[in-house]
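# Residue-level structure breakdown
Next come the chains, spelled out residue by residue.
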Amino acid sequence: MSDVTIDRAPSLGFLPAQRAASRNAEIIPMSLRTVHFVMPGGVDDPATPSGGNAYDRRVSLDLPGFGWQVHKHAVDGEWPRPGAEARAELARVLRELPDGAAVLMDGIVACGVPEIVVPEADRLSLAVLVHLPLGDETGLEAAVAAELDEKERTVLRAVSAVIGTSDWAVRRLVSHHGLAPERVHVATPGADIAPLASGTDGVSHLLCVATLTPRKGQHRLIEALAAAADLPWTCVCVGGFGNDPEYVDHLRDLIKRYGLQDRLHLAGPRAGAALDASYAAADLMVLMSYAETYGMAVTEALARGIPVLATDVGGLPEAVGRAPDGGVPGILVPPEAPAALAAELRGWFGEADVRRRLKAAARGRRAALDGWATTARSLAGVLTRLPSEPRRAA
């Protein structure tokens, strides 16, 4: 079978230095325990931004505030189906860790190679952080999805703890893989409150932030926008091109077929100030994903007071959430219904009361979002409960 690279969560940029500390961060303890964090190579590469990479980077910075010094081990490879060199490097990294070491592994690295990870599960105190179940990636051949699914199940049943990024993800992992609920924990991504987006005219500029892959559903977004071509919208899709070049070519063909070249722009990956500027210009965030465990791009938009139009899948309803007064800062539509999205766009453009309600709810949700210190605190709690002694010494 050909190698498959699983897309990670929505594309997010690096955080500026002035936002590096969470707004509710705590004082760093004098004595730190050590956790070895095994993550994919390229986690710090601005050319390949993703929500999973942003999550891994950020909690690595914030965990010391909750008693855990992080030693990062970034392993290059076409995860979750790596070649021989990457497999050998991961085996070496794990083999050289001391007995009983606390190890946090990104699921995209851990879950596709049970023959490497499971033999170490009795010697090390292993926790696996699942950003997206491997078999949930859109576009996989059925046999490949089943193979990845079974490998992931084998890994997650062997390790000491499993971490999901939403309550929905935890329920999904427990039910799908038959895991004991007490072994599966939640550490929802945080958000940094940013300046309120100024937008354009308050209605017409749409923004999609997501790697360009079939799971993110940009083809459905294009179809919906084509069905609403009489409305005065413009749209920018921010996200990496490298995961599925054939899909990117398909999107470009669709844009040309519908004559949307002057209105819909595939901008590629953006980070830092460029990504901030993209959010600042947005009036409405749009996301047509087929599967999401949470949706960090959604909370990044809400952190700027931008309402959201997204699909009703996975953890996205959790990410959209509610304002303290109960207002919902977004509209959710089925993933296979571009006509429904087009209809909601017509409501957005045509009903000023709808826009006012959504914008007010987005600002309320913005004020209530948890920061990254809450995420780090949750992870630290899981790490603290890991076994302190190996079940089997080397």
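Before reading further, recall that the structure is shown in the block above.
Heads up: these notes are all about the structure in this document. (Residues numbered from 1 in each chain as written. Predicted model: local features only at pLDDT ≥ 70, side-chain atom pairs only at ≥ 80, totals over all residues. Heavy atoms only, no water.)

### Quick notes on the overall build of the chain
Let me state the cut-off plainly: Only DSSP runs of H or I covering at least 4 residues are called helices, and only runs of E covering at least 2 are called strands; the numbering of each starts at the N terminus. We compute the radius of gyration from the C-alpha atoms alone; for a globule the expected value is 2.2 Å times N to the 0.38, where N is the number of residues. Exposed residues in this analysis have more than 50% of their type's maximum accessible area, buried residues have under 20%, and partly exposed residues fall in between, with area computed by a 1.4 Å probe over protein chains only. Contact between two residues is taken to exist if any of their heavy atoms lie within 4.5 Å; hydrogens are not considered. For accessible areas, the Shrake-Rupley method is used with a probe of radius 1.4 Å. Any residue's cover is judged against the shown protein chains and nothing else.
Along the backbone of the chain there are 14 helices and 12 strands. The C-alpha radius of gyration of the chain comes to 21 Å, within 12% of the 21 Å expected for a compact globule of 394 residues. Taken along its principal axes, the extent of the C-alpha atoms in the chain is 65 × 50 × 35 Å. Looking at the chain residue by residue over its 394 residues, the buried ones come to 59%. Long-range pairs, those at least 24 residues apart, make up 77% of the contacts in the chain with a sequence separation of at least 6. For the chain, the accessible area works out to roughly 15200 Å², and carbon and sulfur atoms hold 53% of it.

### Thoughts on helix 12 (residues 338–350)
In an α-helix there are 3.6 residues to a turn, and that puts residues three or four apart on one side. Filter applied, for reference: Given a helix with a known number of residues, its expected span is that number minus one, times 1.5 Å.
For helix 12, spanning 13 residues, the distance from its first C-alpha to its last is 18 Å, which sits close to the expected 18 Å at 1.5 Å a residue. Along helix 12, the residues that are buried comprise Pro338, Leu341, Ala342, Leu345, Gly347, Trp348 and Phe349. In this structure, the buried residues of helix 12 make contact with strand 7 (205–209), helix 7 (218–227), strand 10 (284–287), strand 11 (308–311), strand 12 (330–333) and helix 13 (352–368).

### Brief notes about the nonpolar core
Worth spelling out the cut-off: Residues grouped as a nonpolar core are buried Ala, Val, Leu, Ile, Met, Phe, Trp, Tyr and Cys residues, joined through side-chain atoms within 4.5 Å.
Ranked by internal contacts, the top residues of the largest apolar core, which has 89 residues, are Leu221, Trp233, Cys235 and Leu264. The biggest single contributor to this core is helix 14 (residues 372–384), with 7 residues. Ignoring anything within four residues of it in the chain, the contact list for tryptophan 233 reads Ser204, Leu206, Leu225, Ala228, Leu260, Arg263, Leu264 and Phe349. Counting residues in hydrophobic clusters, the runner-up holds 38 residues, among them Ile108, Leu126, Val128 and Leu156.

### Observations concerning the sheet that holds strand 1 (residues 33–40)
For the record, the criterion: Two strands qualify as a pair provided that DSSP identifies no fewer than 2 bridges between them. Each axis is a line fitted through C-alpha atoms, taken for helices only over the stretch in contact, and angles between the N-to-C directions span 0 to 180 degrees.
Pairing is parallel in the open sheet, where 6 strands are placed in the order 2-1-3-4-5-6. Edge positions in the sheet fall to strand 2 (68–75) and strand 6 (184–186), since each has one partner strand and no second. Sheet twist, expressed as the average angle between the axes of neighbouring strands with direction ignored, equals 25°. Where strand 1 meets strand 3 (residues 102–106), 4 bridges bridge the pair, whose relative direction is parallel. Bridging across to strand 3, valine 35 finds its partner in alanine 102.

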